[in-house]
Amino acid sequence: MNPYIALTRPGNAVLTAIAVIAGAFIASGPDIVNFQTEIVICCVSAMMLVGGGNALNDYNDRESDKENHPNRPIPSGDISAETALNYSQLLLGGGLVILLFTLDNKMPFVIALMGMLTLVTYERGLKAAGITGNISVGFMSGAVFLYAGMAVNNPGPTLWMFGLAFLATISREIIKDIQDLEGDRDRRTLPSRIGIDLSLNIAIVILLIAIGLSYTAINQFDNNAMSAYIGGITLANALMIFGSYNAKNKDYFMGQKNIKQGMGLAMLAFIVAAGLN
């Protein structure tokens, strides 16, 4: 794969664009057809920002990647560290400029700017700072849906998805930190500070708050849409609870994976219900 493409993690970039479209549909339903230009612009910008963020991550992790990920573009010698840094800056700056000068509605730009500043702060220190890093990742995950809602001038319906993604991602990140505890000797993660058991209990409490929040969105929907949402979100929540069960039984990999799967199913529940509403 071309090293410039590989740096962006194209799979992640495409998934981000899909999340933007999903968020826009959750916010506007069938009226999404009236915002085609805005959605295309926001998808392109989001892919550039995610790609730039991944390139910046590879630049910052270039030394550890020599051992952990030797086939990535920088440690493999396919691209120099300086070039990767310049490329990340080009993508990050370009993603913001597109929003600033092509959309009359400036709120997607504001959300994207907040996300980029969070990303840069995360890469410069929060990544190794424990729970604050987890919170940063949670914000960036949830902000995609708020960004999409802003694009169609109706962020209200996406607030629940933002909250759910924000909290569930924090929970998942804590469990990932437990999973990676042995290899994270240079990071002050929550498990390294307060221990595995207490960290896991905090992760589960945060996840349960997210699950409770998901049911407050029921009043957004009527009739068949409400039934579809309740059924879908209950399945999603059951999967995330199963993830916490796996984590409790020390299968941290499956625990965090189940939470991620549950988040995807929750997004699908919102999409289906929005389509029926």
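None of the values given here were measured: they were computed from a predicted structure. (Residues numbered from 1 in each chain as written. Predicted model: local features only at pLDDT ≥ 70, side-chain atom pairs only at ≥ 80, totals over all residues. Heavy atoms only, no water.)

Caption draft 1: Up close: the overall build of the protein. When you go through the protein residue by residue, the secondary structure sums to 12 helices and zero strands. Seen in sequence order, the protein has helices and strands lined up from the N terminus as α-α-α-α-α-α-α-α-α-α-α-α. Here the C-alpha atoms of the protein give a radius of gyration of 19 Å, agreeing with the 19 Å that 2.2 N^0.38 yields for 277 residues. Within the protein, the proportion of its 277 residues that are buried is 49%. Looking at the protein alone, contacts between residues at least 24 apart form 71% of all its contacts between residues at least 6 apart. Looking at the protein as shown, the accessible area adds up to about 12900 Å², and 62% of this sits on carbon and sulfur atoms. Seen as two clouds, the 17 positive and the 20 negative side-chain charges of the protein have centres 5 Å apart. (Helix = DSSP H or I, 4+ residues; strand = E, 2+ residues; numbered from the N terminus. Rg over C-alpha atoms; globule rule 2.2 N^0.38 Å. Buried < 20%, exposed > 50% of the residue type's maximum accessible area, 1.4 Å probe, protein only. Contact = heavy atoms within 4.5 Å. Areas by Shrake-Rupley, 256 points an atom, 1.4 Å probe, with all protein chains shown as cover. Lys, Arg positive; Asp, Glu negative; His and termini not counted. Charge placed at Lys NZ, Arg CZ, Asp CG, Glu CD.)

Caption draft 2: Quick peek at the packing of helix 10 (residues 196-215) against helix 11 (residues 223-248). Between helix 10 and helix 11, the least distance of the axes is 10 Å, while the angle of their chain directions is 175 degrees. The angle between helix 10 and helix 11 falls in the class roughly antiparallel. Contacts from Leu200, Asn201, Ile204, Leu207, Ile211, Ser214 and Tyr215 of helix 10 reach helix 11 at Tyr229, Ile233, Thr234, Asn237, Met240, Ile241, Ser244, Ala247 and Lys248. Tallied by class, the residues present in the contact of helix 10 with helix 11 amount to 10 nonpolar, five polar and one charged. (Axes fitted to C-alpha atoms, helices over the stretch in contact; angles between N-to-C directions. Parallel < 35°, antiparallel > 145°, perpendicular 65-115°, else oblique. Nonpolar A, V, L, I, M, F, W, Y, C, P; charged D, E, K, R; others polar.)

Caption draft 3: Expanded view of a nonpolar patch on the surface. Where nonpolar side chains cluster on the molecular surface, the patch consists of Val14, Leu15, Ile18 and Met47 and spans about 340 Å² of accessible area. In terms of residue count, the dominant contributor to the nonpolar patch is helix 2 (residues 10-28) (three residues). Looking at the element boundaries, Val14 is found in helix 2. The exposure class assigned to Val14 is partly exposed, which follows from its relative accessible area of 42%. (Patch = residues over 30% accessible without salt bridge, like charges linked within 9 Å, V, L, I, M, F, W, Y side chains within 5 Å. Salt bridge = Lys/Arg side-chain N within 4 Å of Asp/Glu carboxyl O.)

Caption draft 4: A look at the side chain of Ser45. Checked against the element boundaries, Ser45 lands in helix 3 (residues 36-60). Once you skip the residues sitting within four places of it in the chain, Ser45 turns out to touch Gly95, Leu99 and Tyr147.

Caption draft 5: Seen up close, the packing of aromatic side chains. Within this structure, the stated rule accounts for six aromatic pairs. Judged by centre distance (6.2 Å) and plane angle (85 degrees), the ring pair of Phe139 and Phe162 falls under edge-to-face. Placement of the pair is Phe139 in helix 7 (residues 131-151) and Phe162 in helix 8 (residues 159-179), with a sequence separation of 23 residues. Judged on exposure class, the residue Phe139 and its partner Phe162 are both buried. For the ring pair Phe162 and Phe166, a centre distance of 6.0 Å and an interplane angle of 5 degrees mean the geometry is stacked. Taken together, the positions of Phe162 and Phe166, both in helix 8 and four residues apart, correspond to about one turn of that helix. An aromatic cluster is defined as three or more aromatic residues linked by ring pairs; in this entry it consists of Phe139, Phe162 and Phe166. Cation over ring: Arg62 sits above Tyr59, and NZ or CZ is 4.1 Å from the ring centre. (Phe/Tyr/Trp six-rings, centres within 6.5 Å; stacked < 30°, edge-to-face > 60°. Lys NZ or Arg CZ within 6 Å of the ring centre and 35° of its normal.)

Caption draft 6: A look at helix 8. The end-to-end C-alpha separation of helix 8 is 30 Å, in line with the 30 Å expected for 21 residues at 1.5 Å each. Of all 21 residues in helix 8, 16 are buried, a share of seventy percent or more. (Expected span 1.5 Å × (residues − 1).)

Caption draft 7: Geometry of the pattern of salt bridges. Inspection of the entire model under this criterion finds four salt bridges. Of the charged contacts in the structure, one is a salt bridge between Lys66 and Glu63, with a shortest N-O distance of 3.1 Å. For the pair Lys66 and Glu63, a shared accessibility class is recorded, and that class is exposed.

Caption draft 8: Region of interest: the confidence of the model for the protein. Taken as a whole, the protein shows an average pLDDT of 89; of its residues, 98% reach a score of 70 or greater. When mean pLDDT is taken per element in the protein, helix 5 (residues 81-102) scores highest with 95 and helix 4 (residues 65-68) scores lowest with 73. (pLDDT = per-residue confidence, 0-100.)

Caption draft 9: Region of interest: the environment of Asp104. Within the secondary structure layout, Asp104 lies in the loop between helix 5 and helix 6 (107-124). Residue Asp104 is classed as exposed on the basis of its relative accessible area of 79%. Sequence separation of Asp104 and Glu38 is 66 residues, and the distance between their C-alpha atoms is 9.5 Å.

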